[in-house]
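Structural description and commentary
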Amino acid sequence: QVQLVESGGGLVQAGGSLRLSCAASGRTISGYAMGWFRQAPGKEREFVVVINRNGGTSYADSVKGRFTISRDNAKNTVSLQMNSLKPEDTAVYYCAARWLVVSTRHDDYDYWGQGTQVTVSS
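Reference entry: report on the structure contained in this document. Just so it is clear, the model here is predicted, and its values are computed rather than measured.

1. What about the pairing of strand β5 (residues 46-51)?
Taken across its six residues, β5 has five buried, putting it largely inside the fold. With five bridges joining them, strand β4 (residues 32-39) and β5 adopt antiparallel strand pairing. The partner of Gly 35 across the bridge, within β5, is Val 50. Linkage of β4 to β5, two consecutive antiparallel strands, is achieved through a turn of six residues, within which Gly 42 is found at a positive phi near 75°.

2. Describing the packing of aromatic side chains
Inspection of every chain in the model, using the stated rule, returns seven aromatic pairs. Here the aromatic rings of Tyr 32 and Trp 99 are separated by 5.0 Å at their centres, their planes lie at 70°, and the arrangement is edge-to-face. Of the two residues, Tyr 32 is situated in strand β4 and Trp 99 in strand β9 (residues 91-99); the sequence distance between them amounts to 67 residues. Ring plane angle 75° and centroid distance 5.1 Å describe the contact between Phe 37 and Tyr 109, whose orientation is recorded as edge-to-face. In this pair, Phe 37 is assigned in strand β4 and Tyr 109 in the loop between β9 and β10 (111-112), connecting sequence segments 72 residues apart.

3. Considering the pairing of β4
Most of β4 is tucked away, with seven of its eight residues classed as buried. Relative to β9, β4 is paired through eight bridges, and the arrangement is antiparallel. Pairing of Phe 37 across the sheet is with Tyr 94, part of β9.

4. Structural notes on unusual backbone geometry
One non-glycine residue with positive phi stands out, namely Ser 84, at about 50°. Looking at the secondary structure, you find Ser 84 in the loop between β8 (77-82) and β9. Here the phi dihedral of Leu 100 falls at roughly 70°; this positive angle occurs in a residue that is not glycine. Locating Leu 100 in the fold gives a position in the loop between β9 and β10.

5. Quick word on the sheet that holds strand β3 (residues 18-25)
In spatial order, the strands read β1-β3-β8-β7; together these four strands make up an open sheet with antiparallel pairing. The open sheet terminates on both sides in strands that have one partner only, identified here as β1 (3-7) and β7 (67-72). Direction aside, neighbouring strands of the sheet carry axes that sit 15° apart on average. Where β1 meets β3, five bridges bridge the pair, whose relative direction is antiparallel. For Gln 3, the partnering residue across the bridge sits in β3 and is Ser 25.

6. Looking at the state of the cysteines
What the rule picks out here adds up to one disulfide. Linked covalently through their sulfurs, Cys 22 and Cys 95 form a disulfide whose S-S length is 2.1 Å. A torsion of -75° about the S-S bond marks the disulfide between Cys 22 and Cys 95 as left-handed. With Cys 22 in strand β3 and Cys 95 in strand β9, this residue pair connects regions lying 73 residues apart in the sequence. Judged on exposure class, the residue Cys 22 and its partner Cys 95 are both buried.

Rules used throughout
- Residues numbered from 1 in each chain as written.
- Predicted model: local features only at pLDDT ≥ 70, side-chain atom pairs only at ≥ 80, totals over all residues.
- Heavy atoms only, no water.
- Buried < 20%, exposed > 50% of the residue type's maximum accessible area, 1.4 Å probe, protein only.
- Helix = DSSP H or I, 4+ residues; strand = E, 2+ residues; numbered from the N terminus.
- Pairing = 2+ DSSP bridges.
- Phe/Tyr/Trp six-rings, centres within 6.5 Å; stacked < 30°, edge-to-face > 60°.
- Axes fitted to C-alpha atoms, helices over the stretch in contact; angles between N-to-C directions.
- Disulfide = S-S within 2.5 Å.

Right, dumping it as C-alpha cells:
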C-alpha cells in the first residue's frame with residue numbers, strides 16, 4: 001500500500017505560480033510511475049503529467065512549457081511546479097502512483113491522494 005498526500009494548493013492570480021507536493025508513505029515510490037491529474041467541477045478527471053521511474057516525463061499539451069514535474073525517490077516525494085497559471089487550470093489536483101508502467105489514463109493508477117485545490121483568478 002502506498003499512501004499519498006498532496007499539499008501546496010491555493011488561490012493565485014492568473015500568471016502566478018504554485019508548487020504542489022506529493023508525499024508518499026508505506027512504500028518507496030522508486031518502482032512507481034507518478035502522475036498528476038486534475039478535475040474541475042462538472043468535468044472528468046484529466047491527465048496533467050506523468051514521470052517514470054527514470055525521470056522521463058510526458059505532459060498534457062495544455063500544460064506543456066508551463067508545468068514541470070520532478071521526483072525525489074530518496075525523500076519519497078513528487079513535485080509539480082506550475083507557472084504562468086491560467087483560470088482554466090482551476091481544479092482539484094491529484095497525485096497518483098502506478099506500478100512500473102506510465103499511463104495517461106486515470107483508470108490505470110493504483111493509488112491516489114485526496115487532492116489539493118488550485119484556484120486561479122482572472
